[in-house]
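So you can see what is in the structure, the chains are spelled out below.
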Amino acid sequence: MAKQPVDYQAQLAGIDEQFQMVRILDEEGKVVNPDIMPDLTDDQLVEIMKRMVFSRTLHERSMALARQGRLGFYAPTYGQEASQMASSYAFEQDDWLFPGYRDIPQLVAKGLPVDKAFHWSRGHVEGNNYPEDFHAMPPQIIIGAQLIQGMGNAVGQKLNGSKNVTYTYTGDGGSSQGDSYEAWNYAGRYKAPIVFFIQNNGFAISTPRQKQSAAKSLAQKAVAAGMPGVQVDGNDALAVYAVAKQAREWAAAGNGPVLIETITNRLGAHSTSGDDPKIYRTDEDIQSWTSREPLIRFRAYLEEKGLWDEQTESDYVESVKEEVQAAIKKAEAAPKQKVSDFLKNMFEEPGQNIKEQIEKYEAKESE
């Protein structure tokens, strides 16, 4: 049985305060830390790779659709596939996911239809209309708000005696928000069963990580909240899965929250809202991270084991493209939204003035 990546008890006792980055695969896909290799079958390894390839393909198609004017707001995920998909794979279907706006891939992996994700990007109400048994919230557009909402959900799980946990994501910029500190503090005090992920992708829009905080790592911010903090190589799918799995087990056992910092990089713009990374990044910096991106590393590892090859990936990419194409067509065919529906959705019990507005707009819409 593999060792746990981090000794939480020792860390909480103040013995281990270095927050050394956990890694299993080096940049060539070779195993450098076999002692903490997670117990994954060949089928599970392939599934993680497929999820990462799905995320990459969804990103590429979404960027193309955005350029065509067929999507609205979209936050690129290129370079963060291991951080997002390997981490989310460690959780159970009944665990609750509280995503940020860059976390569409985790929602889709959990079971959200792609057309629903496109509806959200297009500002359509159907993008927020989830089945009651789907344990996830729509992507939060307010930076860091999902952490404090997730914490509240986790406290509720604890009070209800649930054996499931909550997991939530933000970026390095989100780790500077007040909501994040409040969430960590409260979760630590009440031992809420929640795993917080900080995807340290290097930039909060155009602000480098080094200009956001004097902390030597973002993982060490867990200390003040009385919870374990882990820094992991966010481009190493095996290491990300291993620490996420350990964190979930810790939280589910009633030990309280865990904060995980994944060191990765955003290899594109912050979003489709006009950001140009070449204004604040050098070509050399982007290329150095591109050569270390997660699919290259995990692909090499699986190919060495005989579990993956170029044809397998090509065939799978084509099937994902077909799924995405069908999803955008379905989203575009949805009924157009009405102002009267906006008002009905906003007010459970509308006042008289709102009722009059609804009637006015319904009359216009029926013309």
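What you see as residue numbers is a count from 1 along each chain, following the sequence as written. In keeping with the model being predicted, local features are shown solely for residues with a pLDDT of at least 70 and side-chain atom pairs are shown and tallied solely at 80 or more, while totals for entire chains, interfaces and linings include all residues. Processing note: side-chain calculations cover all non-hydrogen atoms of the structure and skip hydrogens and water entirely.

- For the protein, an unreviewed UniProt entry supplies the name Pyruvate dehydrogenase E1 component subunit alpha and the organism Aerococcus urinae.
- UniProt positions are given in the numbering used here, feature names are shortened, and annotations may be inferred rather than shown by experiment. UniProt's Catalytic activity (unreviewed entry) comment on the protein is quoted here verbatim: "N(6)-[(R)-lipoyl]-L-lysyl-[protein] + pyruvate + H(+) = N(6)-[(R)-S(8)-acetyldihydrolipoyl]-L-lysyl-[protein] + CO2".
- The protein has a UniProt comment under Subunit (unreviewed entry) that states "Heterodimer of an alpha and a beta chain."

**Comments concerning the side chain of Glu 81**
Turning to step 1, where the next piece is worked out: Secondary structure elements follow DSSP: runs of H or I of four or more residues count as helices, runs of E of two or more count as strands, with numbering from the N terminus. Mapping Glu 81 onto the fold places it in helix H3 (residues 81–88).
Turning to step 2, where the next piece is worked out: Exposure is judged per residue with a 1.4 Å probe applied to protein chains only, and the accessible area is read against the type maximum: over 50% gives exposed, under 20% gives buried, and values in between give partly exposed. What makes Glu 81 buried here is its relative accessible area of 0%.
Turning to step 3, where the next piece is worked out: What qualifies as a polar contact is a pair of N or O atoms within 3.5 Å, subject to a donor-acceptor requirement within protein and to the restriction that residues adjacent in sequence count only when both atoms come from side chains. A distance of 3.1 Å separates a polar atom in the side chain of Glu 81 from the backbone nitrogen of Gly 79.
Turning to step 4, where the next piece is worked out: We call two residues in contact when some of their heavy atoms are within 4.5 Å. Excluding its chain neighbours within four sequence positions, the residues that come into contact with Glu 81 are Met 52, Ser 55, Arg 56, Ala 86, Pro 294 and Leu 295.

**Comments concerning the packing of H3 against helix H8 (residues 237–252)**
For any two helices packed against each other, one specifies the inter-axial angle together with the distance between the axes.
Turning to step 1, where the next piece is worked out: Angles shown run from 0 to 180 degrees and are taken between the N-to-C directions of axes, each axis being a line fitted to C-alpha atoms and, for helices, limited to the stretch in contact. Interaxial distance between H3 and H8 falls to 8 Å at its minimum, and their mutual angle equals 40°. With respect to each other, H3 and H8 are oriented oblique. Once H3 is placed against H8, the crossing between them reads as right-handed. On H8, the residues touching Ala 82, Ser 83, Ala 86 and Ser 87 of H3 are Ala 237, Val 240, Tyr 241 and Ala 244.
Turning to step 2, where the next piece is worked out: Think of it as three bins: nonpolar holds Ala, Val, Leu, Ile, Met, Phe, Trp, Tyr, Cys and Pro, charged holds Asp, Glu, Lys and Arg, and polar takes everything else, Gly as well. Looking at side-chain class alone, the contact of H3 with H8 contains six nonpolar, two polar and no charged residues. The scheme is simple: roughly parallel for angles under 35 degrees, roughly antiparallel for over 145, roughly perpendicular for 65 to 115, oblique for anything else. For any helix crossing, the convention is left-handed if the near helix is rotated counterclockwise from the far helix by under a right angle, and right-handed if that rotation is clockwise.

**Considerations on unusual backbone geometry**
Turning to step 1, where the next piece is worked out: Phi angles above zero are rare outside glycine, and Lys 191 is one such case at about 50°.
Turning to step 2, where the next piece is worked out: Checked against the element boundaries, Lys 191 lands in the loop between helix H7 (178–189) and strand E3 (194–200).
Turning to step 3, where the next piece is worked out: Judged by its relative accessible area of 43%, Lys 191 falls in the partly exposed class.
Turning to step 4, where the next piece is worked out: Despite not being glycine, Ile 205 has its phi angle at roughly 55°, a positive value.
Turning to step 5, where the next piece is worked out: Examined against the element boundaries, Ile 205 turns out to sit in the loop between strand E4 (203–204) and strand E5 (207–208).

**Focus on helix H9 (residues 283–290)**
Turning to step 1, where the next piece is worked out: Every buried residue of H9 is listed here: Ile 286, Trp 289 and Thr 290. Down the axis, H9 shows its buried residues gathered within 105° of arc, on one side only.
Turning to step 2, where the next piece is worked out: Taken together, the buried residues of H9 touch strand E7 (258–263) and helix H10 (294–304). Arc, as used here, means the arc of the directions from the helix axis to the C-beta atoms.

**Considering the environment of Arg 122**
Turning to step 1, where the next piece is worked out: When you line up the elements, Arg 122 lands in the loop between helix H5 (114–121) and helix H6 (145–159).
Turning to step 2, where the next piece is worked out: Take Arg 122: its relative accessible area is 32%, and that puts it in the partly exposed class.
Turning to step 3, where the next piece is worked out: Taking C-alpha positions, Arg 122 is 8.8 Å from Ala 331, a pair spaced 209 residues apart along the chain.
Turning to step 4, where the next piece is worked out: Ignoring anything within four residues of it in the chain, the contact list for Arg 122 reads Arg 70, Leu 71, Gly 72, Ala 331 and Glu 332.

**Some points on the side chain of Ser 121**
Turning to step 1, where the next piece is worked out: Topologically, Ser 121 is positioned in helix H5.
Turning to step 2, where the next piece is worked out: Taking the relative accessible area as the measure of exposure, Ser 121 reaches 10% and is therefore buried.
Turning to step 3, where the next piece is worked out: Polar contacts involving the side chain of Ser 121 include one to the main-chain amide nitrogen of Gly 72, which spans 3.3 Å.
Turning to step 4, where the next piece is worked out: Excluding residues within four positions of it along the chain, Ser 121 makes contact with Leu 71, Gly 72, Phe 73 and Tyr 74.

**Focus: the packing of aromatic side chains**
Turning to step 1, where the next piece is worked out: Side-chain rings of Phe, Tyr and Trp (the six-membered ring for Trp) are treated as a pair once their centres are within 6.5 Å; stacked means planes under 30 degrees apart, edge-to-face means over 60, and tilted covers the remaining angles. Throughout the structure, instances matching the rule amount to 14 aromatic pairs.
Turning to step 2, where the next piece is worked out: Aromatic side chains Phe 91 and Tyr 167 sit 4.0 Å apart centroid to centroid with 10° between the ring planes, which places their arrangement in the stacked category. Highlighted residues: Phe 91 in the loop between H3 and strand E1 (96–98) and Tyr 167 in strand E2 (residues 166–171), separated in sequence by 76 residues.
Turning to step 3, where the next piece is worked out: With relative accessibility at 3%, the residue Tyr 167 sits in the buried group.
Turning to step 4, where the next piece is worked out: With a centroid separation of 4.6 Å and an interplanar angle of 35°, the aromatic rings of Tyr 186 and Tyr 190 are classed as tilted.
Turning to step 5, where the next piece is worked out: Ring-pair connections join several aromatic residues into one group, and the members of that group are Phe 91, Tyr 167, Tyr 169 and Phe 197.
Turning to step 6, where the next piece is worked out: Put simply, a charge is over a ring when the Lys NZ or the Arg CZ is close to the ring centre, within 6 Å, and near the line of the ring normal, within 35 degrees. Sitting over the face of the ring of Tyr 190, Arg 189 holds its NZ or CZ atom 4.5 Å from the ring centroid.
Turning to step 7, where the next piece is worked out: The ring of Tyr 361 has Lys 360 lying over it, and the distance from NZ or CZ to the ring centre is 4.9 Å.

**Let's talk about the UniProt feature "domain: Dehydrogenase E1 component" (unreviewed entry) in the protein**
Turning to step 1, where the next piece is worked out: UniProt records the feature "domain: Dehydrogenase E1 component" (unreviewed entry) for residues 49–339 in the present numbering.
Turning to step 2, where the next piece is worked out: Counted over residues 49–339, helix gives 44% and strand 11%. Its end C-alpha atoms are 43 Å apart.

**Remarks on the pairing of E7**
Turning to step 1, where the next piece is worked out: Most of E7 is tucked away, with six of its six residues classed as buried.
Turning to step 2, where the next piece is worked out: Burial of the side chains of E7 extends over both faces: Val 258, Ile 260 and Thr 262 are buried on one face and Leu 259, Glu 261 and Ile 263 on the other.
Turning to step 3, where the next piece is worked out: Where E3 and E7 come together, six bridges link them in parallel fashion. Opposite Phe 196, over in E7, you have Leu 259 as the bridge partner.
Turning to step 4, where the next piece is worked out: Pairing analysis gives five bridges linking strand E6 (residues 229–233) to E7, with the strands arranged parallel. The partner of Gln 231 across the bridge, within E7, is Glu 261.
Turning to step 5, where the next piece is worked out: Crossover connection from E6 via H8 to parallel E7: handedness right-handed. Two strands pair if DSSP finds at least two bridges between them. The handedness of a crossover follows from its direction of travel: if, with the strands pointing away from the viewer, the path from the first strand over the helix to the second runs clockwise, the crossover is right-handed.

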